[in-house]
Amino acid sequence: MKKYILAILVCVAATLSLQAQRYAIVDTKFILDKMPEYKQAQESLDQFSQQWQKEIDNKQAALDKMYKDFEAEQVMLSAELRKKREDEIFVREKEVRELQRKRFGFEGDLFKLRQELVKPVQDKVYTAIQKIAVARMYDFILDKSEGITVIFADPKLDKSEDVLKELGVK
């Protein structure tokens, strides 16, 4: 009887160990921050972003001046001239909003440039993660950098350094 129970326990333990999932945790933000090409892409994005923001700020400053001038002169203007200036201000406001949307809006210039510069680096990281997952037979890998919250993670499960080694980054 004891042998029978022991055999059942061994079978149950073997089944559970076969079904155990292997997993790991990586920090993609940590990995990307260590990669020189990601830093270069971020610097380029920052430069373009600052340049575009300056362009918008200049147009906004010109619009603000135009509005102040209108406020100061509006009592002396004829109804026709007042309407013309209001229309001009409205057109300039629309231009500033359109430029902001074009540069920083959803699928705007910044989004497109980010796709062009950053996405290839991110794809490289994800490919390295996938290689490690397949080679080490992980069932899943969690990213603890953003989005998914990991309340507790055993540091020995963090494979970010391994991904950096796979990418050849120190």
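Notes on the structure follow. (Residues numbered from 1 in each chain as written. Predicted model: local features only at pLDDT ≥ 70, side-chain atom pairs only at ≥ 80, totals over all residues. Heavy atoms only, no water.)

1. Some words on the overall build of the chain
So, point 1. Each helix and strand in the chain was counted, giving seven helices and two strands.
So, point 2. Each helix (α) and strand (β) of the chain, taken in turn from the N terminus, gives the series α-β-α-α-α-α-α-β-α.
So, point 3. Taking all 170 residues of the chain together, 25% fall into the buried category.
So, point 4. Of all intrachain contacts in the chain linking residues separated by at least 6 positions in sequence, the fraction that spans at least 24 positions is 81%.
So, point 5. With an accessible surface of roughly 12,700 Å², the chain has 56% of that area assigned to carbon and sulfur atoms. (Helix = DSSP H or I, 4+ residues; strand = E, 2+ residues; numbered from the N terminus. Buried < 20%, exposed > 50% of the residue type's maximum accessible area, 1.4 Å probe, protein only. Contact = heavy atoms within 4.5 Å. Areas by Shrake-Rupley, 256 points an atom, 1.4 Å probe, with all protein chains shown as cover.)

2. Let's talk about the nonpolar core
Inside soluble globular proteins, nonpolar side chains tend to come together where they are buried.
So, point 1. If you look at the biggest cluster of nonpolar residues, it comprises 23 residues, and the most contacted ones within it are Ile31, Leu32, Met35, Tyr38, Val125, Val163 and Leu167.
So, point 2. Of all the secondary-structure elements, those providing two or more residues to this core are strand 1 (23–26), helix 2 (28–34), helix 3 (36–73), helix 5 (109–117), helix 6 (119–135) and helix 7 (160–167).
So, point 3. Broken down by element, the residue count for this core peaks at six residues, all from helix 6.
So, point 4. For Ile31, the residues in contact, after removing those within four places along its chain, are Val26, Val125, Ser160, Val163, Leu164 and Leu167.
So, point 5. With eight residues, the next largest nonpolar core counts Met66, Ile89, Val96 and Leu99 among its residues. (Core = buried A, V, L, I, M, F, W, Y, C linked by side-chain atoms within 4.5 Å.)

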